[in-house]
Amino acid sequence: MFHQIQIRPEDKNSQRFLWRSDPTQNPEVYLMDVATFGSTCSPASAQFVKNLNAEQHASKYPDAAKSIINRYYVDDYFESFDDESEAKRIAVDVRTIQKQAGFTLHNWRSNSIEVLNHLEVLPNPTAKELKLVDGEKLERVLGMLWNPVTDELGFSTLMRSDVQDLLRSESRPTKRQILRCVMSLFDPLGILAPFIIHGKVLIQDLWRSGISWDDQVGDPIFTRWNEWAKMIEFIQTIRVPRSYFVNATKLTYKNTELHVFVDASEVAYSCVAYFRVVQDEGSMDLALISGKSKVAPLKPLSIPRLELQSCLLGAQLLSLIKKEHEIDISRTILWTDSRTALSWIHSDPRNYRPFVAHRVSEILEFTTPANWRWVPSKANPADEATKWGCGPYFTNNSNWFSGPNFLRQPESHWPSIAGKVTSTEEELRNSVLLHITTYEPLISYERFSRWERLHRSMAYVLRFAHHRRSSTKLSDPLEQTDLLAASHQIFKQVQLEVYPQEVATLKENSEGTFESSSLFGSMYRSSMKKVYSEKTVESGIPRQ
C-alpha cells in the first residue's frame, strides 16, 4: 500500500540514501519516489490518500466512499451487509474507487459464494487455493480466525516453537517463558478475558516475587502455571458467532438494550457487555459484545475501591461500544454487586476523598446514576473473570458467553435492592472548619487623650451592659469595683491585641506553660504603654 503513494519532488530529498556494493567504490545516491515501509509518517499518509480518493468519488459512489473511510484497518477492508445484493454492489464500487488510486484489492473473502462469484474471485486459481469453504480450515482476520462457512470466529493458539515445546514437555518454565506464552494469545475483543487475565495475574506475582527473567519459577507458581497452561487446548474449541444475532435484520435491532456487568476481586477487575433485543413476539435474546479485564495494582487497594475501578472500566467500555456501533441503542444499564460502589455513584462526588471523587466524576461523564443497578454475585457474569475457582468454564453455556438468564425474562424478574440505595460513610472527605475569632473592643481607647477619661468611660460602659441584672442606677456615682472592672477590661483588651498567641496558649492549657512571672510583667507594661498611644503625644500631652 505504501509503495502506491508517490512522494512530491520537493520532499524526495528527505528519503535520500547512499549505497555501494563494493567498499572501494564511491557510494551511489538514491531517492525513494514512494512512501517507505517502516517510516513513521507512511501509515498516516496512506490513510490520508485513501480517504481523499474516496471523497473525490463520493458524489458517484456515496455508500462505497463511506465504507472506505469508516471500514478500513490500514489496508484491510471489512464490512457487513443485510443482503447479498447490497454486498455485491458496494464491494464492486469499493474496488473501483480504490483502483483509481492504485490500491487494487486482492484476496476477497466472504461467507457467500454468490458474492465471491460476482467479484470474479473463484475463477482465479490463486483464489481457489486460498478459498476456505470446506469448514476444515479457518481464515485469519486481524489475528483472529474466521470460518466463512459457519460464519464463526475462533482463536489461534499457534505459538513459537520454543513455547510449544515448553507446553508439551511440562518442564519448569522461567519468568521470560511464561510472559512469552501469555502474551502470545491475541484477544482484541476481550472474549477470552476470564482465561487471559489469570495468566497476567501470574506474571504480576512473578514480578512481585523479584525472580530474575531466566530463573525457573518456584513450586507454588509452577502449580498454578500447570493449571493455567492445561486450559490453552480448550481455547481452540471456542467458537463465537460473527453476527450478534443469526439471521438478524435491521428490525432485529429495533429495541436494543446494552447491558454491562462489572466485578472486582483482590487480584483483578473486569467488565463484560451484552446486547439484549426484544422481538415483536415478546421473546428476548442476548449476544456477547466484548469484555475487558485488568490486574489489580501492585499497591493494595480495598475491595470497594477495586469495585469502583471496575465500574469505571465498564463505563468506558459502554462509551466505546456506543461510539463504534451504528445500532440505535434504546437503553443502557450497568450492573454491579457492590452496594458501596452504588452508594458512591448515587452521591455527590465532592463529598468523598480524591480517589473516589475523581473516579465517580469520570463515571458520571459516560453514565447517570439511573443507569446503575445491583445484581447478586452468583448472577454476575463478570465474576468469572475475577475469581479463578476451579478454572474458567469454556463452553457456550457458561454465564460469560451466554449472558445471565434473568435478562431473558421480563424486567419484573430482574434482581433489585429493596428500597433506595443506602449511603455509606466510607471514603467520606474530612470536614475542615476554619474558625476565626475576632475581638471587638467595647470602646476604642485611642479616642481618649487622658487615662482618667478612658478609665471612667469604660466603667460607665460596663455598668450600662450589666444594669439589667442589678439594681444599680446609671446616675449613681462610680464605685471602686466599677473602676477595678474597667481596668481589667482595658488590660485584657490590650493584651489580646499585643499577645494573641500567648493568650491563646494559656487558654488551651489551664495549667499554664509559662513558669516565669516576668512574662506577665512585660505584658502589663506593654499594655500600659499601648494605652498611652501616639495620639497623646500628638495632642500635646506628655507621656507618663
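Just above sits the structure.
These notes cover the structure that comes with them.

Analysis parameters
- Residues numbered from 1 in each chain as written.
- Predicted model: local features only at pLDDT ≥ 70, side-chain atom pairs only at ≥ 80, totals over all residues.
- Heavy atoms only, no water.
- Helix = DSSP H or I, 4+ residues; strand = E, 2+ residues; numbered from the N terminus.
- Buried < 20%, exposed > 50% of the residue type's maximum accessible area, 1.4 Å probe, protein only.
- Contact = heavy atoms within 4.5 Å.
- Areas by Shrake-Rupley, 256 points an atom, 1.4 Å probe, with all protein chains shown as cover.
- Salt bridge = Lys/Arg side-chain N within 4 Å of Asp/Glu carboxyl O.
- Expected span 1.5 Å × (residues − 1).
- Disulfide = S-S within 2.5 Å.
- Phe/Tyr/Trp six-rings, centres within 6.5 Å; stacked < 30°, edge-to-face > 60°.
- Core = buried A, V, L, I, M, F, W, Y, C linked by side-chain atoms within 4.5 Å.
- Polar contact = N/O pair within 3.5 Å; in protein donor to acceptor, adjacent residues only side chain to side chain.
- Pairing = 2+ DSSP bridges.
- Axes fitted to C-alpha atoms, helices over the stretch in contact; angles between N-to-C directions.

1. Quick look at the overall build of the protein chain
Move 1: Along the protein chain, the regular secondary structure elements total 20 helices and 13 strands.
Move 2: Counting the 544 residues in the protein chain, one finds 40% classified as buried.
Move 3: Put simply, 66% of the contacts in the protein chain that link residues at least 6 apart link residues at least 24 apart.
Move 4: Summing over all exposed atoms, the protein chain offers an accessible surface of approximately 32,600 Å²; the carbon and sulfur share of this is 51%.

2. Observations regarding the pattern of salt bridges
Move 1: One pass over the structure, following the stated rule, counts 24 salt bridges.
Move 2: Arg8 is the partner of Glu10 in a salt bridge, and the nearest nitrogen-oxygen pair spans 3.7 Å. With respect to burial, Glu10 and Arg8 carry one shared label: exposed.
Move 3: Asp214 is paired through a salt bridge with Arg176; the nearest N and O atoms lie 2.9 Å apart.

3. Details of helix H17 (residues 480-498)
Move 1: With 19 residues, H17 extends 27 Å between its outermost C-alpha atoms, agreeing within 8% with the 27 Å of an ideal straight helix rising 1.5 Å per residue.
Move 2: For H17, the complete set of buried residues consists of Asp482, Leu483, Ala486, Ser487, Gln489, Ile490, Phe491, Gln493 and Val494.

4. Considering the state of the cysteines
Move 1: The tally for this structure, following the rule as stated, stands at zero disulfides.
Move 2: Among the cysteines around Cys311, which has no disulfide bond, Cys271 carries the closest sulfur, lying 10.0 Å off.
Move 3: Owing to a relative accessible area of 0%, Cys311 belongs among the buried residues under this scheme.

5. Describing the packing of aromatic side chains
Within a pair of aromatic rings, the relevant descriptors are the distance that separates the centres and the angle that separates the planes.
Move 1: Under the definition given, this model contains 16 aromatic pairs.
Move 2: Centre to centre, the rings of Tyr77 and Trp108 are 6.4 Å apart; their planes meet at 80 degrees, and the pair counts as edge-to-face. With Tyr77 in strand E4 (residues 76-77) and Trp108 in the loop between helix H3 (84-100) and helix H4 (113-118), this residue pair connects regions lying 31 residues apart in the sequence.
Move 3: Overall, the relative accessible area of 17% leaves Tyr77 in the buried class.
Move 4: With a relative accessible area of 13%, Trp108 lands in the buried category.
Move 5: Judged by centre distance (5.2 Å) and plane angle (65 degrees), the ring pair of Trp335 and Phe406 falls under edge-to-face. A residue pair is termed long-range when its members are at least 10 positions apart, and Trp335 in strand E12 (residues 329-336) and Phe406 in the loop between helix H15 (399-402) and helix H16 (451-466) qualify at 71 residues. Neither Trp335 nor Phe406 differs from the other in exposure class; each is buried.

6. Examining the nonpolar core
Move 1: Formed by 47 residues in total, the largest nonpolar core has its most connected members in Ile178, Phe195, Trp225, Trp228, Phe261, Trp335 and Phe406.
Move 2: Here this core gets six residues from one element, more than from any other, and that element is helix H8 (residues 193-209).
Move 3: Excluding its chain neighbours within four sequence positions, the residues that come into contact with Trp228 are Cys181, Val182, Leu185, Phe195, His198, Gly199 and Trp388.
Move 4: Within the second largest apolar cluster, 36 residues are counted, among which are Ala273, Leu317, Ala341 and Val356.

7. Points about the environment of Ser330
Move 1: Relative to the helices and strands, Ser330 resides in strand E12.
Move 2: In this structure Ser330 comes out as exposed when scored by relative accessible area, which is 52%.
Move 3: With residues near it in sequence (within four places) discarded, Ser330 still touches Asn255, Thr256 and Glu257.
Move 4: Of the polar contacts made by the side chain of Ser330, one reaches the backbone oxygen of Thr256; its length is 2.8 Å.

8. Points about the sheet that holds strand E7 (residues 152-154)
Move 1: The strand order across the open sheet formed by four strands is E5-E6-E7-E8, and the pairing between neighbours is antiparallel. On the outer flanks of this sheet lie strand E5 (139-141) and strand E8 (240-241), each paired with one strand and no other.
Move 2: As defined by bridge partners, E5 adjoins strand E6 (residues 144-147) across three bridges and the pair is classed as antiparallel. Looking at the pairing, Glu139 lines up with Trp146 of E6.

9. Quick notes on the sheet that holds E12
Move 1: In spatial order, the strands read E11-E10-E9-E12-E13; together these five strands make up an open sheet with mixed pairing. Of all strands in the sheet, those with a lone pairing partner are strand E11 (284-295) and strand E13 (372-374), marking the two edges. When the angles between neighbouring strand axes are averaged without regard to direction, this sheet yields 25 degrees.
Move 2: Sheet topology note: the strand E10 (residues 268-278)/E11 ladder contains 11 bridges and is antiparallel. Paired with Val278 across the strands is Met284, a residue of E11.
Move 3: Set on the sheet, helix H11 (residues 303-324) makes contact with strand E9 (256-264), E10, E11, E12 and E13; between it and E9 the angle comes to about 155 degrees.

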